[in-house]
Amino acid sequence: AKHEHKGEDAETEANIGEDGADHEVDADTFASEIEIEDDARLRLTEHKGPVHCLAINADASLALSGDQEDMALLWETKTGKVVKKLSGHKDTVVCVGWNADETAYATCSMDGTIRVYNTKSGKVRTLKGPDCEIYWFQWHKKGPVIIAGCGDGTVWMWHALNGKVMQVLSGHADVCSCGSFSHDGKLIVSGSHDEKAIVWSPKTGEPLHKLQAVNLRGFHNAPLTCIKAHHNKPIMVTGAEDGSAWICSLSKGSSKPLKQLTEHKQSVEAAEFSRTLDWVFTASSDGTIIVSDVAHGQVRSKIEHSGAITRALWHPKAPAILATGTDTLVQLWDARNGKQAREMRGHSDAVLALAMSRDGALVFSAGDDGTCAVFDLKAGAGKRSARPAENGKTNEIAESKKEEEKGNHN
């Protein structure tokens, strides 16, 4: 979503004053006149190109970010100081993240490699996969194991500390676009542009279940775009390019579609289960977020974002959703009524990556403008649609939650 330059027409238009006369305008003066209001507490500008991915550690003191110029950075979120430049990739860095105990972190690239760094020593080990692009990776919740989805449809699994290939899961006929470990880490599920989801055994490498429309009464009839396993239940949510979304069971004994969620008009770009309510959201490039209850799939609210959505995630402590996209804005929404609670400005191009601290107080974003931003909700970052923030939540959300709890006691 790059902005096109208007060239000579824009320059001519800028040089015409209110009196109709042609005035010379200094380039720096003109830039300052259209300076974008920035709500960020901190903005990292060390990247040399669009930033595609972003992750933070458990206490939100450090961040990892990767860009289109084959570089990843490890930096302090309080000061913006770059701790380490992580070079070595030969193509766009598309995914970054720490393992469960933060003894290691990794960067993943379209060059077909994953680079694993020892947190203490800084030593790096390169995990080599197929001779094609890697689109995503995920750490196991407990052990030093990494899985990754590849351009040839395979899913690779490595022991990250010694670099040994543990499994190569082959069964898709097209790009493996998404995937995940199950909630207990005992299964792997992958989604592909071949319109299938496959559930695998990590131990044997065998496919246990294949979910595809041709063999089922209902499932996706378009390339899959996202898969998210529930954090403590044997279920998952899947999304596809045609706007369809499904809740499916995810277990060794049975993995099948359970209920179809309300469809979007365009591709589903993100989907996730709430940790505070038994709800799930799906977010789309059509600019909408649909919040549904997990038990029945009924719509609880619909959020109208101001642009195509690229990333969205649940607030960890409140019934709220953080979303961003091509409109350059990062917005916090009350999931119960679809109302905006906060709007954070400062990016000058599409936002491609999003993260939030575990206490919900800090918001992190990065995008096509080559910058990474840190917004402090407790300090009142962004335009409020409610009263000032309290403990990382807007008072509107906090007070509404108190009213619900009060009603439950009566």
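Above this text sits the structure in question.
Residues numbered from 1 in each chain as written. Predicted model: local features only at pLDDT ≥ 70, side-chain atom pairs only at ≥ 80, totals over all residues. Heavy atoms only, no water.

Student: Explain the overall build of the protein to me, using residue names and the numbers behind them.
Tutor: Along its length, the protein carries 3 helices and 35 strands. Residues counted as buried form 54% of the 410 residues belonging to the protein. Contacts in the protein between residues far apart in sequence, at least 24 positions, make up 43% of those at least 6 positions apart. Accessible surface, the protein as shown: approximately 18,900 Å² in total, 45% of it carbon and sulfur. (Helix = DSSP H or I, 4+ residues; strand = E, 2+ residues; numbered from the N terminus. Buried < 20%, exposed > 50% of the residue type's maximum accessible area, 1.4 Å probe, protein only. Contact = heavy atoms within 4.5 Å. Areas by Shrake-Rupley, 256 points an atom, 1.4 Å probe, with all protein chains shown as cover.)

Student: Explain the environment of Ser-357 to me, using residue names and the numbers behind them.
Tutor: By the secondary structure assignment, Ser-357 is in the loop between strand E30 (351-356) and strand E31 (362-367). Since its relative accessible area comes to 4%, Ser-357 is described here as buried. Taking the C-alpha atoms as reference, Ser-357 lies 5.7 Å from Ala-60; in sequence the two are 297 residues apart. Setting aside anything within four residues of it in sequence, one finds Ser-357 in contact with Ile-56, Ala-60, Pro-316, Leu-362 and Phe-364. A distance of 2.6 Å separates the side chain of Ser-357 from the side chain of Asp-359, its partner in a polar contact. Side-chain polar atoms of Ser-357 contact the backbone nitrogen of Leu-362, separated by 2.9 Å. (Polar contact = N/O pair within 3.5 Å; in protein donor to acceptor, adjacent residues only side chain to side chain.)

Student: Mind laying out the packing of aromatic side chains, listing which residues take part and the relevant values?
Tutor: Under the definition given, this model contains 5 aromatic pairs. Members of the aromatic cluster, each reached through a chain of ring pairs, are Trp-98, Tyr-105 and Tyr-117. (Phe/Tyr/Trp six-rings, centres within 6.5 Å; stacked < 30°, edge-to-face > 60°.)

Student: Give a detailed account of the pattern of salt bridges, specifying residues and quantitative values.
Tutor: In this structure the tally under the stated criterion is 8 salt bridges. Note that Arg-345 and Asp-39 form a salt bridge whose closest N and O atoms lie 2.8 Å from each other. Here Asp-39 lies in the loop between helix H2 (27-33) and strand E1 (42-44) and Arg-345 lies in the loop between strand E29 (340-344) and E30, a separation of 306 residues in the sequence. Residue Arg-345 shares its accessibility class with Asp-39, and that shared class is buried. (Salt bridge = Lys/Arg side-chain N within 4 Å of Asp/Glu carboxyl O.)

Student: Go over the environment of Ser-190 with me, naming the residues and quoting the values.
Tutor: Among the secondary structure elements, Ser-190 is positioned in strand E15 (residues 188-192). Here Ser-190 falls in the buried class, since its relative accessible area comes to 0%. Setting aside its immediate chain neighbours within four residues, Ser-190 contacts Val-155, His-172, Cys-176, Cys-178, Gly-179, Lys-196, Ala-197, Ile-198, Trp-200 and Ile-227. Of the polar contacts made by the side chain of Ser-190, one reaches the side chain of His-172; its length is 2.8 Å.

Student: Quick one: what's the story with the sheet that holds strand E10 (residues 134-139), residue by residue and with numbers?
Tutor: In space, the 4 strands of this open sheet follow the order E10-E11-E12-E13, with antiparallel pairing throughout. For this open sheet the edge positions go to E10 and strand E13 (165-169), each flanked by a neighbour on one side alone. Direction aside, neighbouring strands of the sheet carry axes that sit 15° apart on average. Inspection of the sheet shows strand E11 (residues 145-150) paired to strand E12 (residues 155-159) by 5 bridges, in the antiparallel sense. The partner of Ile-146 across the bridge, within E12, is Trp-158. (Pairing = 2+ DSSP bridges. Axes fitted to C-alpha atoms, helices over the stretch in contact; angles between N-to-C directions.)

Student: Summarise the sheet that holds strand E8 (residues 113-118); cite the residues concerned and give the values.
Tutor: Read from one edge of the open sheet, 4 strands run E6-E7-E8-E9, paired in antiparallel fashion. The outermost strands of the open sheet, each flanked by one partner alone, are strand E6 (93-98) and strand E9 (124-128). Put simply, the sheet's adjacent strands are angled 20° from each other on average, direction ignored.

Student: Give a detailed account of the environment of Val-124, specifying residues and quantitative values.
Tutor: Within the fold, Val-124 resides in strand E9. Between the alpha carbons of Val-124 and Tyr-105 there is a distance of 9.6 Å; along the sequence they are 19 residues apart.

Student: Can you break down a positive patch on the surface residue by residue, with the values?
Tutor: Residues Lys-141, Lys-228, Arg-275 and Arg-358 make up a contiguous surface patch of positive charge. Examined against the element boundaries, Arg-358 turns out to sit in the loop between E30 and E31. The exposure class of Arg-358 is exposed, given its relative accessible area of 60%. (Patch = residues over 30% accessible without salt bridge, like charges linked within 9 Å, V, L, I, M, F, W, Y side chains within 5 Å. Lys, Arg positive; Asp, Glu negative; His and termini not counted. Charge placed at Lys NZ, Arg CZ, Asp CG, Glu CD.)

Student: I'd like a description of the pairing of strand E20 (residues 245-249), backed by residues and values.
Tutor: By the criterion of burial, E20 is predominantly enclosed, with 5 of the 5 residues buried. The pairing of strand E19 (residues 235-240) with E20 spans 5 bridges and is antiparallel. Of the residues in E20, the one forming a bridge with Ile-235 is Ser-249. Pairing geometry for E20 and strand E21 (residues 257-260), over 3 bridges, is antiparallel. Bridging from a neighbouring strand, Cys-248 pairs with Pro-257 of E21.

Student: Describe the nonpolar core, naming the residues involved and giving the relevant values.
Tutor: Judged by nonpolar contacts, the single largest core of 17 residues is most densely connected at Ile-114, Val-116, Phe-137, Trp-139, Ile-146 and Trp-158. Residue assignment for this core shows that the elements contributing at least two residues are strand E7 (104-109), E8, E10, E11 and E12. Listed in part, the 16 residues of the second largest apolar core include Leu-44, Leu-54, Trp-75 and Phe-364. (Core = buried A, V, L, I, M, F, W, Y, C linked by side-chain atoms within 4.5 Å.)

Student: Kindly report on unusual backbone geometry, identifying the contributing residues and their values.
Tutor: The phi dihedral of Asp-70 is positive, around 75°, even though this residue is not glycine. Within the secondary structure, Asp-70 sits in the loop between strand E3 (62-67) and strand E4 (72-76). For Asp-70, a relative accessible area of 23% puts it in the partly exposed group. The phi dihedral of Glu-195 falls on the positive side, at around 75°, and the residue is not glycine. Mapped onto the elements of the fold, Glu-195 is located in the loop between E15 and strand E16 (197-200). Judged by its relative accessible area of 30%, Glu-195 is partly exposed.

Student: Hey, could you go over the side chain of Thr-92 for me, with residue numbers and the actual values?
Tutor: Summarising the element assignment, Thr-92 is placed in the loop between strand E5 (82-86) and E6. In this view, Thr-92 contacts His-52, Asp-67, Gln-68, Asp-70, Cys-108, Ser-109 and Met-110; residues no more than four positions away in its chain are not counted.

Purely geometric numbers; function is a separate question.
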